[in-house]
Amino acid sequence: MAVRVQETGFDPGAELNAFTAAASGAGAVVSFTGVVRDLDTGGLDRMEIEHYPGMTESAIAKIEAEAVRRWRLADSLVIHRYGALAAGETIMMVATAAPHRADAFQAAEFLMDYLKSRAPFWKKEVTADGAAWVAARDADEDALSRW
Amino acid sequence: MAVRVQETGFDPGAELNAFTAAASGAGAVVSFTGVVRDLDTGGLDRMEIEHYPGMTESAIAKIEAEAVRRWRLADSLVIHRYGALAAGETIMMVATAAPHRADAFQAAEFLMDYLKSRAPFWKKEVTADGAAWVAARDADEDALSRW
Amino acid sequence: MIDVLYFAWVRERIGLPRERVETGAATVAELVEELRAREDRYAAAFADLSALRVAVDQELADFDASLDGAREVAFFPPMTGG
Amino acid sequence: MIDVLYFAWVRERIGLPRERVETGAATVAELVEELRAREDRYAAAFADLSALRVAVDQELADFDASLDGAREVAFFPPMTGG
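On a predicted model such as this, the values are computed, not experimentally measured, just so you know.

K.L.:
Kindly report on the overall build of chain C, identifying the contributing residues and their values.
P.N.:
Check the secondary structure of chain C and you find 3 helices and 5 strands. Each helix and strand of chain C, ordered N terminal to C terminal, gives the series β-α-β-α-α-β-β-β. By the compact-globule yardstick of 12 Å for 82 residues, chain C fits well, its C-alpha radius of gyration being 12 Å. Oriented by its inertia axes, the alpha-carbon framework of chain C measures out at about 30 × 30 × 20 Å. When each of the 82 residues of chain C is scored for burial, the buried share is 48%. Considering only intrachain contacts with a sequence separation of at least 6, the fraction spanning at least 24 residues in chain C is 50%. Side-chain charges in chain C split into 9 positive and 16 negative, and the spacing between the mean points of these groups amounts to 6 Å.

Here you go:
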């Protein structure tokens, strides 16, 4: 189990390989990578991600501990950036390793659903015309009800 | 959409990064990596993977086309090895890219479930004491019923 | 004395990220009432509590949560991580 | 004439990966009966059809599938990819 909350970028491929190498005995590794998307209308200058230092790390650690309790996992990893990111940059990554694929997939989806709505991050989209906070989606809140 | 069936090894991290870079506009990338596990009792000398050249590629292409039909995907990738592999080596990888994470996750799980039971590969575990074909698991066949 | 933190548009509306507040409020809701009464910018930030979330000592909480022994309260909109 | 392919333990029991077979079989099941009658190793390989899968021209098929126009039939155990 590891949590990293950082402003600097990271290399998802290198992280995936290091995670897989360390999770010895796990046959199944699932990763999720979140990438900054441009607006549907184009013109995103940057995405600014604000977070709550201290609570962010502890909230994610709690989410990971819950995943470990629910599924048979060999290991898990969450990396989440804050600060200013351009379109195409990697925002965050989740990885799970398990003896069987169903555990790895479900734990990764669970971690993502909780990160979306329960980890203290807030996204703001900045364009030449101004800035707007990204609104929470009802679908993200609803996604929690399945767990 | 891409399918690669090959005897040589590959670098999952490098594949993930190249896939993500090519899937422009997708905010969500999911990967699954399958790794050769040692036997519970230890002592795996190698895993031998046999396949049906020609049918393997067309069967996987059909599975991918079905995934693209069912979910909103920006891209998908399947790499699967055959031949002799040692414990810890990567057998195969699936990656999906989509505007939204639910599509990426579901399509990756769908691809995995179908690869397990509908792509013509057969695994044999070889130890110092002999060799045994891996039996298909009922759970893998059952997993198809949810799609 | 309690540390009160604001994030995202709550921070922007109130105009500062954190402040120390002298309060006798027993619950989060009572603290909100005190803040609302201060100035328009607070009243604007706390106009619709259904659009706000709260954490007490870095744990998500309800507006009726007790502040007994609490050192830090944070107000923010629904989170948008991932 | 039809190409018949064997994989995994079916290949091992029969002792070869593929062969050309002169047959008038109208269905996969009829072809299986012809093969079974050949030698013990075929009878052993085809003893329990529920443990076998079949593909006609590289598409999964049933044992009652027609061989009309088929060029290639493959027999193998349930697949274990992934």
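Moving on from the model shown.
K.L.:
Break down the nonpolar core for me, with residues and values.
P.N.:
Among the nonpolar cores identified, the biggest contains 62 residues, and V94(A) and V94(B) are the most heavily contacted of them. Among all residues touching V94(A), those that are not within four sequence positions of it are V30(A), S31(A), F32(A), L77(A), V78(A), A108(A), L111(A), M112(A) and L115(A). The next biggest cluster of nonpolar side chains, apart from the first, holds 35 residues, and it includes Y6(D), V10(D), A25(D) and V32(D).

K.L.:
Outline the sheet that holds strand β5 (residues 83-85) of chain B, listing residues and values.
P.N.:
All names here are of chain B. Spatially, 4 strands are ordered β5-β3-β7-β8 in an open sheet, and the strand pairing comes out antiparallel. Each edge of the sheet is formed by a strand with only one pairing partner; in this case those strands are β5 and β8 (130-133). Averaged over all neighbouring strand pairs, the angle between strand axes comes to 25°, with direction disregarded.

K.L.:
Provide a residue-level description of the interface of chain A and chain B, including the pertinent values.
P.N.:
At the junction of the two partners, chain A supplies 31 residues and chain B supplies 31 residues. Both sides together, the interface formed by chain A and chain B hides about 2,500 Å², and carbon and sulfur atoms give 53% of it. When the area that chain A buries against chain B is broken down by residue, the three leading residues are R37(A), R101(A) and F105(A), summing to 28%. For R101(B), the salt bridge is made with D140(A), and the minimal N-O distance between the two is 2.8 Å. Summed over the shared surface of chain A and chain B, the result is 13 residue pairs in polar contact (both at pLDDT 80 or more). Of all the secondary structure elements, the ones that give two or more residues to the side of chain A that touches chain B are α1 (12-22), β2 (28-35), α3 (101-118) and α4 (138-143) of chain A. Per-element tally for the side of chain A that touches chain B: the top contributor is β2(A), with 8 residues.

Calculation notes
Residues numbered from 1 in each chain as written. Chains lettered and ligands numbered in written order. Predicted model: local features only at pLDDT ≥ 70, side-chain atom pairs only at ≥ 80, totals over all residues. Heavy atoms only, no water. Helix = DSSP H or I, 4+ residues; strand = E, 2+ residues; numbered from the N terminus. Rg over C-alpha atoms; globule rule 2.2 N^0.38 Å. Buried < 20%, exposed > 50% of the residue type's maximum accessible area, 1.4 Å probe, protein only. Contact = heavy atoms within 4.5 Å. Lys, Arg positive; Asp, Glu negative; His and termini not counted. Charge placed at Lys NZ, Arg CZ, Asp CG, Glu CD. Core = buried A, V, L, I, M, F, W, Y, C linked by side-chain atoms within 4.5 Å. Pairing = 2+ DSSP bridges. Axes fitted to C-alpha atoms, helices over the stretch in contact; angles between N-to-C directions. Buried area = accessible area lost by both parts, 1.4 Å probe. Salt bridge = Lys/Arg side-chain N within 4 Å of Asp/Glu carboxyl O. Polar contact = N/O pair within 3.5 Å; in protein donor to acceptor, adjacent residues only side chain to side chain.

Honestly, it's all geometry; don't read function into it.
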